[in-house]
Amino acid sequence: MASSEEYLDYVLDLLRDVPAVTRRKMMGEYMLYSEGILFGGIYDDRFLLKDAPAAREAFPGEQAPYEGAKPMLLVDSEDPALIASVVEAMLPQLPAPKKKR
């Protein structure tokens, strides 16, 4: 099941305090980036963050985005300030984007 545009808009509103958020649509789902770093995504109308220590402290609930994928962390808050602080804290803990040739 693909994620809806309405849910994407809802999540982007929650991320309004996160700097330079961009999205990329892939196979009906959305990858979420901040400052070029992949930090999470929207899968089947679920907002999930990559498993990083800063995110695990705030959102310990694991879910697989799709069958066979590594578990990610379910965002179960509607507090934009909390979500922004978690995403900003996780960015240094995530791998930098690969350089294009």
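Above this text you will find the structure in question.
Residues numbered from 1 in each chain as written. Predicted model: local features only at pLDDT ≥ 70, side-chain atom pairs only at ≥ 80, totals over all residues. Heavy atoms only, no water.

Brief notes about the packing of aromatic side chains
According to the stated counting rule, one finds two aromatic pairs in the structure shown. Their ring planes at 40° and their centres at 5.6 Å tell us that Tyr 7 and Tyr 10 sit as a pair that is tilted. Of the two residues, Tyr 7 and Tyr 10 are both situated in helix H1 (residues 5–14); the distance of three residues between them amounts to about one turn of the helix. The partly exposed category is assigned to Tyr 10, whose relative accessible area is 32%. Relative to Tyr 66, the ring of Tyr 43 has its centre 6.4 Å away and its plane inclined at 50°; by these criteria the two rings are tilted. Of this pair, Tyr 43 sits in strand S3 (residues 37–43) while Tyr 66 sits in the loop between strand S5 (62–63) and strand S6 (72–74); the two residues are 23 residues apart in sequence, bridging distant segments of the chain. For Tyr 43, a relative accessible area of 8% corresponds to the buried category. Its relative accessible area of 53% is what places Tyr 66 among the exposed residues. (Phe/Tyr/Trp six-rings, centres within 6.5 Å; stacked < 30°, edge-to-face > 60°. Helix = DSSP H or I, 4+ residues; strand = E, 2+ residues; numbered from the N terminus. Buried < 20%, exposed > 50% of the residue type's maximum accessible area, 1.4 Å probe, protein only.)

Notes on the environment of Glu 57
On the secondary structure map, Glu 57 appears in helix H2 (residues 53–58). Taking the C-alpha atoms as reference points, Glu 57 and Val 86, separated by 29 residues in sequence, lie 8.9 Å from one another.

Examining the pairing of strand S1 (residues 21–26)
Across six bridges, the pairing between S1 and strand S2 (residues 29–34) is antiparallel. When the bridges of S2 are listed, Met 26 appears paired with Glu 29. (Pairing = 2+ DSSP bridges.)

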